[in-house]
Amino acid sequence: MSQSVSRSTWTNRWAFILVTIGSAVGLGNIWRFSYLAGSSGGSAFVLVYLLCVGLIGLPLLMAEILIGRRGRGNPVQAMLNTAEETGNSPWWALLGWAGMLGALLILSYYSVVSGWIADYLYQAVVGIRVETAEAARQGFAALAGDPLRMGFWHTVMLTLSVGVVARGVVAGIEAANRIMMPVLFLILLLLTLWGGVVGDMPAALHFMFDFKADALTPSVVLAAMGHAFFSLSLGMGAIMVYGSYLDRHTRIGHTSLWVVGASTLVGLLSGMAIFSLTFGYGLAPSAGPGLILQTLPLAFAHMPGGRLVAVFFFLFVLFAAWTSAISLVEPFVSWLTERYGIRRARAAWGTWAPVWLLGLAVCLSFNRWSDFTLAGLNLFDALDQFASKIMMPLSGLMIAVYVGWRMGTALVREEIALRGAAFPLWFNVLRYVVPIGIVLVFCHNLGWLPWLA
Ligand code: PHE
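Cut-offs and rules
- Residues numbered from 1 in each chain as written.
- Predicted model: local features only at pLDDT ≥ 70, side-chain atom pairs only at ≥ 80, totals over all residues.
- Heavy atoms only, no water.
- Axes fitted to C-alpha atoms, helices over the stretch in contact; angles between N-to-C directions.
- Helix = DSSP H or I, 4+ residues; strand = E, 2+ residues; numbered from the N terminus.
- Parallel < 35°, antiparallel > 145°, perpendicular 65-115°, else oblique.
- Left-handed = near helix turned anticlockwise from the far one by under 90°.
- Contact = heavy atoms within 4.5 Å.
- Expected span 1.5 Å × (residues − 1).
- Buried < 20%, exposed > 50% of the residue type's maximum accessible area, 1.4 Å probe, protein only.
- Salt bridge = Lys/Arg side-chain N within 4 Å of Asp/Glu carboxyl O.
- 1 Å grid on protein atoms, 1.4 Å probe; cavity = no way out; pocket = protein on both sides within 12 Å on 5 of 7 lines; lining within 4 Å.
- Points joined across faces, edges and corners; volume = space filled by probe spheres on them.
- Nonpolar A, V, L, I, M, F, W, Y, C, P; charged D, E, K, R; others polar.
- Near = heavy atom within 4 Å.
- Polar contact = N/O pair within 3.5 Å; in protein donor to acceptor, adjacent residues only side chain to side chain.
- Areas by Shrake-Rupley, 256 points an atom, 1.4 Å probe, with all protein chains shown as cover.
- Core = buried A, V, L, I, M, F, W, Y, C linked by side-chain atoms within 4.5 Å.

## Describing the packing of helix 7 (residues 147-166) against helix 14 (residues 306-340)
Part 1 of the reasoning: The N-to-C vectors of helix 7 and helix 14 enclose an angle of 55 degrees; their axes lie 8 Å apart at closest approach. Between helix 7 and helix 14, the crossing angle belongs to the class labelled oblique. For the element pair helix 7 and helix 14, the recorded crossing hand is right-handed. Counting all contacts with helix 7, which are made through M157, L160, S161, V162, V164 and V165, the residues of helix 14 involved are L318, W322, A325, I326, V329, E330 and V333.

This is how it looks when you write it as structure tokens:
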């Protein structure tokens, strides 16, 4: 079944690190991290999140890169190739399928939320100010109530993301990340410094890092673990397909450390920037999902240079979202091109259409179709919950089982090339800690561990 196609490779290992950070750093690290930390007791969430990133995220990231690179193919083909090589059942390819389709589901609403950011960037550029909390709330409600406006920005963001993928792995994905990621880091540094100048950085640091044992409830622990998944793009074929373009000589452990370190740093710095502004302007950190859209604009309206800061801030979030959305498009496109020999551009625009339609339904789920629910959730929430609470942990679990227990120690050792005690350490964490951790999160998410709530 193995199929050999000539495949692109990243220009060098730094390019791989950059694109993978690009995938990891997204709405998750900024929008989701800040509102979850804000509403789950700050430091307790942050500290557990850091622990989970190290104990579950890093080992799993390495395993996913390993499969992609060894299998040299799109997620389905990489699973087929490695399963054949290691004498495992071809049914493991289902893991590739689940990732690829899960990525498209996430993309459909991710593109809509990216569209909100684009809309707010536009408002910042043309200088729309919100002076009061009520105006900020109404501003967001107006957007959520207008399917045409949301659909317009969703179309823009999806087209931008697919357009990059259509251009190719190196000429598109790598080139886009080479431009956007450095700008993103630069803006983030400036924002954090500015947060320190005009905001209340000490309050932000206390909020994020003071250890408060009583806030450490089981549900905070499990929420933080789940977020570690989302923020590292795990289990959705994105990391696997990026790994499949990685050359044989790059050391997976090293590169993964860079990726995990940098994307966590972005999360922490943006948290520091966001919370120092939040506290500096007397706002509540626990505003929920609306934190960066409904709370920060108030701070922008009242700070010196606020309009410029707002433009930079939303540009920063937009770049983060865009580089992540690209990695959600690539798994399916690579499958179409390799499986059917379709030209990349055609495959990319073919992928655009169904995701665009589903995204339009998501736009409508906030207003006209808000009565239509699945398991009590509107379409947006249903997609998000299904992908992040069911598909991601399940795929992550299967990856840990596959690499930890099915591929064979000798092959895994050769591919991962870790020295000394690092190999058994990583391998045992992958075999035991990761699956147990995931099963706990999963059962909790499904409400099977009510005594932990
Ligand atoms: N990691 C991205 C974020 O933090 C989301 C993502 C998930 C991207 C899965 C690709 C695959 O926003």
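Past the structure itself, the notes keep going.
## Observations concerning helix 10 (residues 218-231)
Spacing of three or four residues puts side chains on the same side of an α-helix, whose turn is 3.6 residues.
Part 1 of the reasoning: The end-to-end C-alpha separation of helix 10 is 20 Å, in line with the 20 Å expected for 14 residues at 1.5 Å each.
Part 2 of the reasoning: Within helix 10, burial applies to V220, L222, A224, M225, H227, A228, F229, F230 and S231.
Part 3 of the reasoning: Phi turns positive one or two residues past the end of helix 10, at S233, with a value near 60 degrees.

## Here's the deal with the pattern of salt bridges
Part 1 of the reasoning: Under the counting rule described, the total for this entry stands at ten salt bridges.
Part 2 of the reasoning: Residue R70 is joined to E85 by a salt bridge in which the shortest nitrogen-to-oxygen separation is 2.6 Å. Of this pair, R70 sits in helix 3 (residues 43-71) while E85 sits in helix 4 (residues 75-85), and the two are 15 residues apart along the sequence.
Part 3 of the reasoning: Taking relative accessible area as the criterion, R70 reaches 16% and is therefore assigned buried.
Part 4 of the reasoning: Exposure remark for E85: the relative accessible area of 42% places this residue in the partly exposed category.
Part 5 of the reasoning: The salt bridge involving E134 is made with R137; its shortest N-O contact spans 3.0 Å. On the criterion of helical spacing, the pair formed by E134 and R137 is a turn pair, its members being three residues apart in helix 6 (residues 133-144).
Part 6 of the reasoning: Residue class for E134 comes out partly exposed when judged on its relative accessible area of 40%.
Part 7 of the reasoning: The class for R137 is partly exposed, based on a relative accessible area of 41%.

## A few points about the environment of P218
Part 1 of the reasoning: Along the polypeptide, P218 turns up in helix 10.
Part 2 of the reasoning: Once the C-alpha coordinates of P218 and H444 are considered, the two residues, 226 residues apart in sequence, prove to be 9.4 Å apart.

## Let's talk about unusual backbone geometry
Part 1 of the reasoning: Positive phi is not limited to glycine here, since R72 has a value of about 45 degrees.
Part 2 of the reasoning: When you line up the elements, R72 lands in the loop between helix 3 and helix 4.
Part 3 of the reasoning: Of note in this structure, S233 is not a glycine but carries a positive phi near 60 degrees.
Part 4 of the reasoning: Mapping S233 onto the fold places it in the loop between helix 10 and helix 11 (238-243).

## Brief notes about the layout of surface pockets
Part 1 of the reasoning: Taken as a whole, the largest pocket encloses approximately 470 Å³ of empty space.
Part 2 of the reasoning: Elements with a contribution of two residues or more to the lining of the largest pocket: helix 2 (27-39), helix 10, helix 13 (291-302), helix 16 (379-406) and helix 18 (422-445).
Part 3 of the reasoning: Here the lining of the largest pocket takes seven residues from helix 16, the largest share from any one element.
Part 4 of the reasoning: A breakdown of the residues in the lining of the largest pocket according to their chemical character gives twelve nonpolar, nine polar and four charged.

## Considering the site of the ligand
Part 1 of the reasoning: Surrounding the ligand, one finds 15 residues, the nearest of these being A24, G28, Y110, F230 and S233.
Part 2 of the reasoning: A distance of 2.8 Å separates a nitrogen atom of the ligand from a polar atom in the backbone of F230.
Part 3 of the reasoning: Within the backbone of S231, an N or O atom sits 3.5 Å from a nitrogen atom of the ligand.
Part 4 of the reasoning: Calculation on the ligand without its partners gives an accessible area of 330 Å², and the protein chains cover 100% of this total.
Part 5 of the reasoning: For the shell around the ligand, the secondary structure elements donating two or more residues are helix 1 (13-24), helix 2, helix 10 and helix 14.
Part 6 of the reasoning: Across the shell around the ligand, the residue classes break down as seven nonpolar, eight polar and no charged.

## A short note on the nonpolar core
Part 1 of the reasoning: In terms of nonpolar packing, the biggest core is built from 165 residues, with L60, F313, F316, V403 and W426 touching the most fellow members.
Part 2 of the reasoning: Counting residues per element, this core draws most heavily on helix 14, which supplies 19 residues.
Part 3 of the reasoning: Discounting chain neighbours no more than four positions away, the residues touching F313 are L191, I274, I292, L296 and F300.

## Observations regarding helix 7
Part 1 of the reasoning: For helix 7, built from 20 residues, the straight-helix expectation of 28 Å at 1.5 Å per residue is met to within 8% by its first-to-last C-alpha distance of 27 Å.
Part 2 of the reasoning: Listed in full, the buried residues belonging to helix 7 are P147, M150, G151, W153, H154, M157, L158, S161, V162, V164, V165 and A166.
Part 3 of the reasoning: Those residues of helix 7 that are buried lie in contact with helix 5 (93-126), helix 6, helix 8 (169-198), helix 14 and helix 15 (344-365).
Part 4 of the reasoning: Where helix 7 begins, one side-chain oxygen reaches toward the backbone nitrogen of L148, 3.2 Å away; that side chain belongs to D146.
Part 5 of the reasoning: Just downstream of helix 7 lies G168, where phi reads positive at about 125 degrees.

## Notes on the environment of T20
Part 1 of the reasoning: By secondary structure assignment, the location of T20 is in helix 1.
Part 2 of the reasoning: Look at T20 and you get buried, because its relative accessible area is 1%.
Part 3 of the reasoning: Spatially, the C-alpha atoms of T20 and S256 are 9.0 Å apart, while their sequence positions differ by 236 residues.
Part 4 of the reasoning: The residues contacting T20, other than those within four sequence positions of it, are I239, Y242 and V259.

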